[in-house]
Amino acid sequence: RGIVRYNFVTQRFDSCGQLPVPPSTVHCFTEDAWSNIYCGTREGLLCWKRKTGAWENISERFGVAKRLQLIKGLLFLEKDLLFASTEKRGFYKLNMKTGQLDTFGFKVGNVEEYYLAMYGMERLNDNEILVGTLSFGLIKFNVAKGTFSWPKGVLQKREGILFNTDNSNYNFSTNFLG
């Protein structure tokens, strides 16, 4: 029960231990290069450290526990660069190595809405992320410029899936697309 990782190579499930929040509050998750599991929850960003088997509250570590909540999408664009989309709480770029945090508002043309309801994300290329929104459908984020625009492109299939077995809805990570 709880968050598990299915390993396609070994064809086994690995447990991520007991969540510090109710499993039904987990909206999304992803895995970093060191097999740590990051969960976007209603209460904030949590990380299960594979080496220690312990959970850490990343929202608290970055000093944004009251802001970085209602997380609906997580994506590592680079090894240490994590993006988090939220439901009307902003769009975040977290550098896990340096501890730097940047927040971005949505503005394309005459449309400006800082706290847009954003959901899942997919990598388009090394510098662009596709973000799903409630109000505007799909939008594109340019990492180098820190700007949003309307997208072009398609998604591809990935090799693995993360899912939450404690949620009766069986939330799947967007990790299988990209």
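Heads up: these notes are all about the structure in this document. (Residues numbered from 1 in each chain as written. Predicted model: local features only at pLDDT ≥ 70, side-chain atom pairs only at ≥ 80, totals over all residues. Heavy atoms only, no water.)

If you tally the helices and strands in the protein, you get one helix and 17 strands. Counting every position in the protein, which comprises 178 residues, the buried fraction comes to 44%. When contacts within the protein are restricted to residue pairs at least 6 apart in sequence, long-range pairs at least 24 apart make up 43% of them. Carbon and sulfur atoms make up 49% of the accessible area of the protein, which amounts to about 9400 Å² in all. (Helix = DSSP H or I, 4+ residues; strand = E, 2+ residues; numbered from the N terminus. Buried < 20%, exposed > 50% of the residue type's maximum accessible area, 1.4 Å probe, protein only. Contact = heavy atoms within 4.5 Å. Areas by Shrake-Rupley, 256 points an atom, 1.4 Å probe, with all protein chains shown as cover.)

As a general point, the strands of a sheet are linked pairwise by backbone hydrogen bonds and lie either parallel or antiparallel. Across the sheet, four strands lie side by side as 13-14-15-16; this open sheet has antiparallel pairing. Each having just a single partner strand, strand 13 (118-125) and strand 16 (147-149) make up the two edges of the open sheet. Going from strand to strand, the sheet's axes swing by 30° on average, the running direction of each strand aside. Taken together, the three bridges between strand 15 (residues 137-142) and strand 16 define a ladder with antiparallel strand orientation. Within strand 16, the position partnered with K140 by the bridge is S149. (Pairing = 2+ DSSP bridges. Axes fitted to C-alpha atoms, helices over the stretch in contact; angles between N-to-C directions.)

Bringing unusual backbone geometry into the picture now. A positive phi angle, close to 55°, is found at Q11, a residue other than glycine. Tracing the backbone shows Q11 in the loop between strand 1 (3-7) and strand 2 (12-15). Look at Q11 and you get exposed, because its relative accessible area is 60%.

Moving on: the pattern of salt bridges. One pass over the structure, following the stated rule, counts seven salt bridges. Two residues, E56 and R61, come together in a salt bridge whose shortest N-O distance is 3.4 Å. A salt bridge links E128 to K140, with the nearest nitrogen and oxygen atoms 3.4 Å apart. Placement of the pair is E128 in strand 14 (residues 128-133) and K140 in strand 15, with a sequence separation of twelve residues. The class for K140 is buried, based on a relative accessible area of 13%. Residues participating in the shared-partner salt-bridge network are K49, E56 and R61. (Salt bridge = Lys/Arg side-chain N within 4 Å of Asp/Glu carboxyl O.)

What follows concerns the side chain of D32. Mapped onto the secondary structure, D32 falls in the loop between strand 3 (26-31) and strand 4 (37-41). The side chain of D32 sits in the buried core without any salt bridge; K49 is the nearest counter-charge, 6.0 Å away. A polar contact is formed between the side chain of D32 and the backbone nitrogen of W34, at a distance of 2.9 Å. Within polar-contact distance, the side chain of D32 engages the backbone nitrogen of S35 at 3.1 Å. (Lys, Arg positive; Asp, Glu negative; His and termini not counted. Polar contact = N/O pair within 3.5 Å; in protein donor to acceptor, adjacent residues only side chain to side chain.)

For the rest of this paragraph, the subject is the sheet that holds strand 8 (residues 81-86). Here we have four strands laid out as an open sheet, ordered 7-8-9-10, and antiparallel in their pairing. Both outer strands of the open sheet, strand 7 (71-78) and strand 10 (101-104), are each paired with one neighbouring strand and no more. On average, each strand axis in the sheet is inclined to that of its neighbour by 20°, with strand direction left out of account. Across six bridges, strand 7 lies against strand 8 in antiparallel orientation. Its bridge partner being in strand 8, E78 is matched across the sheet by L81.

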